[in-house]
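This is what each chain is made of:
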Amino acid sequence: MPSPIRKQVKLPLSVAFGVVMQGIRIRLGRSLVTLAGVILGIAFLMSILVGQSIRRGVAAEVNTRREVKRMMSFLTAETGPLDDRVIGVVQVGPLGVEELRFLKQVAAAKVSRLNWVTRNGAQAPGGLAAAGRVSAVSEPEVGRDASAVLLAGEGEVPGGAAAGALLDGARQKVLAFTRKSATAPDVPDASVVQLERDKPPEELEQERLEGQRTRFRTRWIIVISLLVTVIGISNAMLMSVTERFREIGTMKCLGALSSFVRQMFFIESGLMGLAGSILGSLIGGLFAWLAFSFTYGADLVGSSLDLGALLGYFALCVAAGVILSILAAIYPASFAARMVPATALRSTI
Amino acid sequence: MKLDEAKFEALFIPPAGEGKRCIIRAVDVRKIYRMGTVETHALRGATLDIYAGEYLSIMGPSGSGKSTLFNMIGALAKPTSGKVYIDQVDIAQLDCEELAWLRCRKIGYIFQMYNLIQVMTCLENVMLPMSFAGLNSEEAREKAMFILKLVGLGHRPLHKPAELSGGQQQRCAIARALANSPEIILADEPTANLDLHTGEEMIELFARLRDELSVTVISATHDLKMLKRSDRILWISDGRIVRTARPEEVDFTSGDFH
Ligand SMILES: Nc1ncnc2c1ncn2[C@@H]1O[C@H](COP(=O)(O)OP(=O)(O)OP(=O)(O)O)[C@@H](O)[C@H]1O
Ligand SMILES: [Mg+2]
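Residue numbers run consecutively from 1 along every chain, following the written order of its sequence. To read the labels, note that chains go from A and ligands from 1, taken in the order they are written. This being a predicted model, a pLDDT of at least 70 is required before a residue's local features are given, and a value of 80 or more before pairs of side-chain atoms are given or counted; all residues contribute to the totals for chains, interfaces and linings. No hydrogens and no water enter the side-chain calculation; it runs on all heavy atoms of the structure.

Some points on the coordination of the magnesium ion (ligand 2)
Residues and elements named next belong to chain B.
- Sodium, potassium and calcium take a 3.2 Å donor cutoff, other metals 2.8 Å, and in both cases only N, O and S atoms count; water is not among them, so sites may look incomplete. For the magnesium ion (ligand 2), the full set of protein donor atoms is Ser-67 (OG) and Gln-112 (OE1), at a range of 1.9 to 2.2 Å. On the criterion of sequence distance, the pair formed by Ser-67 in helix 2 (residues 66–73) and Gln-112 in the loop between strand 6 (107–110) and helix 4 (122–132) is long-range, its members being 45 residues apart.
- Relative accessible area serves as the criterion here: at 42%, Gln-112 is assigned to the partly exposed category. Secondary structure elements are taken from DSSP: a helix is a run of H or I of four residues or more, a strand is a run of E of two residues or more, and numbering for both begins at the N terminus. Exposure classes here rest on a 1.4 Å probe applied to the protein chains alone. A residue is buried below 20% of its type maximum, exposed above 50%, and partly exposed in between.

Points about the packing of helix 1 (residues 13–26) of chain A against helix 8 (residues 258–296) of chain A
All names here are of chain A.
- Axis definition: a line fitted to C-alpha atoms, limited for helices to the stretch in contact. Angles are taken between N-to-C directions and run from 0 to 180 degrees. At a minimum axis distance of 9 Å, the contact between helix 1 and helix 8 shows a crossing angle of 55°. Between helix 1 and helix 8, the angle is such that the two are oblique. The crossing of helix 1 and helix 8 is right-handed. Contacts from Leu-13, Val-15, Ala-16, Phe-17, Val-19, Val-20, Met-21 and Ile-24 of helix 1 reach helix 8 at Phe-260, Gln-263, Met-264, Ile-267, Glu-268, Leu-271 and Met-272.
- Grouping the constituent residues of the contact of helix 1 with helix 8 by class yields 13 nonpolar, one polar and one charged. Here the word oblique covers every angle except those under 35 degrees (roughly parallel), over 145 (roughly antiparallel) and from 65 to 115 (roughly perpendicular). Two helices that cross are described as forming a left-handed crossing if the nearer one is turned anticlockwise from the farther one by less than a right angle, and a right-handed crossing if clockwise. In what follows, residue pairs with any heavy atoms lying within 4.5 Å of each other are defined as contacts. When residues are grouped by polarity, Ala, Val, Leu, Ile, Met, Phe, Trp, Tyr, Cys and Pro land in nonpolar, Asp, Glu, Lys and Arg in charged, and all others, Gly among them, in polar.

Structural notes on helix 7 (residues 196–213) of chain B
Residues and elements named next belong to chain B.
- Helix span is expected to be 1.5 Å times the residue number reduced by one. If you check helix 7, its first and last C-alpha atoms are 25 Å apart, about what 18 residues at 1.5 Å a residue would give, namely 26 Å.
- Inspection of helix 7 places Thr-198, Gly-199, Met-202, Ile-203, Leu-205, Phe-206, Ala-207, Leu-209 and Arg-210 among the buried residues, and these make up the whole buried set.
- In protein, a polar contact means a hydrogen-donor-capable atom and an acceptor-capable atom, both N or O and within 3.5 Å, with residues adjacent in sequence counting only if both atoms are side-chain atoms; elsewhere, any N or O pair within 3.5 Å suffices. The opening residue of helix 7, the one whose side-chain oxygen lies 3.0 Å from the backbone nitrogen of His-197, is Asp-195.
- Taken from the residues just after helix 7, Ser-214 is the one with a positive phi, measuring 45°.

A look at the site of ligand 1
- Being near a molecule or strand, for a residue, means having at least one of its heavy atoms within 4 Å of it. Near ligand 1, the surroundings consist of 15 residues, among which Ser-62, Lys-66, Ser-67, Thr-68 and Gln-112 of chain B are the closest.
- With respect to ligand 1, its neighbouring residues span chains A and B.
- Within the contact set of ligand 1, an oxygen atom lies 2.7 Å away from a side-chain nitrogen or oxygen of Lys-66 of chain B.
- The side chain of Gln-112 of chain B places a nitrogen or oxygen atom 2.8 Å from an oxygen atom of ligand 1.
- Protein chains shield 76% of the accessible area of ligand 1, which is 630 Å² for the free molecule.
- When contributions to the shell around ligand 1 are tallied by element, the ones reaching two or more residues are strand 1 (22–35), strand 2 (38–51) and helix 2 of chain B.
- The greatest single-element share of the shell around ligand 1, amounting to three residues, is contributed by helix 2 of chain B. In these tables, accessible area is a Shrake-Rupley quantity obtained with a 1.4 Å probe, and a residue counts as shielded only by the protein chains included in the view.

Quick word on the interface of chain B and chain A
- Of the residues lining the interface, 36 residues belong to chain B; the matching set on chain A comes to 33 residues.
- Buried area: the accessible area, evaluated with a 1.4 Å probe, that two parts lose upon being put together, summed over both parts. Taken over both partners, the interface formed by chain B and chain A buries close to 3100 Å², and the fraction arising from carbon and sulfur atoms is 64%.
- Each salt bridge in this description consists of a side-chain nitrogen of Lys or Arg and a carboxyl oxygen of Asp or Glu lying within 4 Å of one another. Inspection of the chain B/chain A interface yields three salt bridges.
- The salt bridge involving Asp-95 of chain B is made with Lys-7 of chain A; its shortest N-O contact spans 2.2 Å.
- Looking at the side of chain B that touches chain A, the elements that each hand over two or more residues are helix 3 (96–106) and helix 4 of chain B.
- Broken down by element, the residue count for the side of chain B that touches chain A peaks at 10 residues, all from helix 3 of chain B.
- Its residues placed into classes, the side of chain B that touches chain A shows 20 nonpolar, four polar and 12 charged.

Concerning the environment of Ser-240 of chain A
All names here are of chain A.
- Tracing the backbone through its elements, the reader meets Ser-240 in helix 6 (residues 201–243).
- A residue is classified by how much of its surface remains accessible, and Ser-240, at 3% relative accessible area, is buried.
- Beyond its immediate sequence surroundings of up to four residues, Ser-240 is in contact with Arg-30 and Phe-265.

What about the pairing of strand 4 (residues 146–152) of chain A?
All names here are of chain A.
- With seven of seven residues buried, strand 4 lies mostly within the body of the structure.
- Note on pairing: DSSP must find at least two bridges between two strands before they are called paired. Pairing of strand 1 (residues 86–91) with strand 4, which is carried by six bridges, proceeds in the parallel orientation. Residue pairing across strands places Val-89 opposite Leu-150, the latter belonging to strand 4.
- Alignment of strand 4 against strand 5 (residues 174–177), held across three bridges, turns out to be parallel. Residue pairing across strands places Leu-150 opposite Ala-176, the latter belonging to strand 5.

Focus: the confidence of the model for chain B
Residue and element names in this part refer to chain B.
- Each residue carries a pLDDT score, the predictor's own confidence in it, on a scale running from 0 to 100. Within chain B, residue pLDDT values average 89, and 91% of them lie at 70 or more.
- The lowest-confidence element of chain B is helix 1 (residues 5–11), averaging 47 in pLDDT; the highest-confidence one is strand 6, averaging 96.
- Contacts of residues 7–17 to residues separated by more than four positions or lying in other chains number 15 contacts, the stretch itself having pLDDT below 50.
- For this predicted complex, the interface confidence score (ipTM) comes to 0.88, while the overall pTM stands at 0.77.

Quick look at the nonpolar core
- Definition used in this section: a nonpolar core is a set of buried Ala, Val, Leu, Ile, Met, Phe, Trp, Tyr and Cys residues joined via side-chain atoms within 4.5 Å. Judged by nonpolar contacts, the single largest core of 60 residues is most densely connected at Met-251 and Phe-260 of chain A together with Leu-102, Phe-132 and Ile-218 of chain B.
- Among the elements that line this core, the one with the most residues is helix 3 of chain B, at five residues.
- Not counting chain neighbours up to four residues away, the residues in contact with Phe-132 of chain B comprise Gln-8, Val-9, Leu-11, Met-251, Leu-254, Gly-255, Ala-256 and Phe-260 of chain A together with Cys-104 of chain B.
- Listed in part, the 36 residues of the second largest apolar core include Cys-122, Ile-147, Ala-179 and Ala-187 of chain B.

Here it is as structure tokens:
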């Protein structure tokens, strides 16, 4: 009796996976070329993202360093060298990055003591309190023997009388502000200095325009690098389908379903995309880091690297690589899946 | 209810021959290859019945359409016109999953150019149709080794096709055709590259498959020994079937049989 014609079963993914892995292994040279296409595109993307981040970080770092230096010279202009001096600090609120850095530097200088007081429920920065020369004192004590009292942090500034009280027992009546846009209280018998921390409006406008230009340029470059990636990957996938015309057709002659053929391509391109974009982002990131270290100096680049952002870019690049590779495989995969089996029997490729 | 005309019609095709089951029937099959403006008529209306358990040899000069006929009756390509029935079912009515099943389970192909998968070993080539059929790899490996021994390749299962001689590749292709115990074997010059002795062994293997398992063997061949062993010989010339005969009716000593 003739057996009825049934439907071919769908195979588990692992079968296609096995065939793909074997193909990659055997055609290692070819696979490496495909991989190189992905690596190149993604490395390009990653180096641009990381370079961008480094450049931004370096700019911010340079700015911070300049600000800190300025504050320092303001202070020393009032008090003279800080060696063996007592400085009072009244922290009226959370500290900005620059203020914090500045205060750390003051603490690290050869001051004999840093009297520290917090107001308005502000939290003293953890690292500082641990340093030996910082001592938390009660409010009236802050000015004792001090050469200057610094008002730091984002918060309500004590008024005239209260500010005057802080200077009680000070050797030199200097009250210095480190905070941006504060109005200095009027304190009798004291020299009140306000560190000029606000930038003039022209400079701000200039910065804004510059920022806009860079953002535009970055977007443009990212679009181009994505195009490079897409073209590289789809070219690689198309090459590999034409190369395997005969093989795929033969598999269809032997009973492979179109869906199996499609699966093979998607698995292969997905794997290539994953491996290529992991390698590519590492290479691209490293390249950007080295290149910028070379121009700006390793120290500056090192201190401006943002690990969180780097991880974010890495994830972004890997995701982009995998997704683009899979997208690039759509056309070759459907082309191969639609192929008439008999064509494989004549093809000599 | 919509009537599937072709399938319905197929039900009424009378079994041909005396009590013999027709396993493949081709009715006025034509195939025209178009390449730009050039048309090649590879088949000009081939009609034939092939019976279950038959050993059929097809002869014909190069370019006469043997491979094309194989592709048509093997469900590997669609004819330009005409119908092909396998087990009374018009294969034009089958969906792609049914076609894949047919190619995988029912028919074993030995291609003229072997078409072994170059990146796979001999053993893996034989295991491939088994894995398409859903066999797990242990079972497949065991069965594939058995078949490879049967064709005399048991000693080099782990070689890639490129590392085998032409005859060994041909035997690997034969082994692959037997992978899923097909009812039909379609062989395009299966002994062309074999030495006398191995060729005879393969012919013997086909004969045994027919005798013991009633496998239908259809092969294009010019091999005298194979022709003599077959039940029926069919001549094809310029896309037409021009003659059929039993081997005992043919005088193999004269040039007549070409
Ligand atoms: N895919 C194709 N495209 C165009 N022409 C084709 C194609 N396949 C076969 N032909 C043509 O069809 C004719 C028959 O070819 P076929 O391969 O069937 O011959 P054959 O009998 O198998 O020959 P051989 O003994 O050399 O294998 C030839 O003229 C060939 O050029
Ligand atoms: Mg041929």
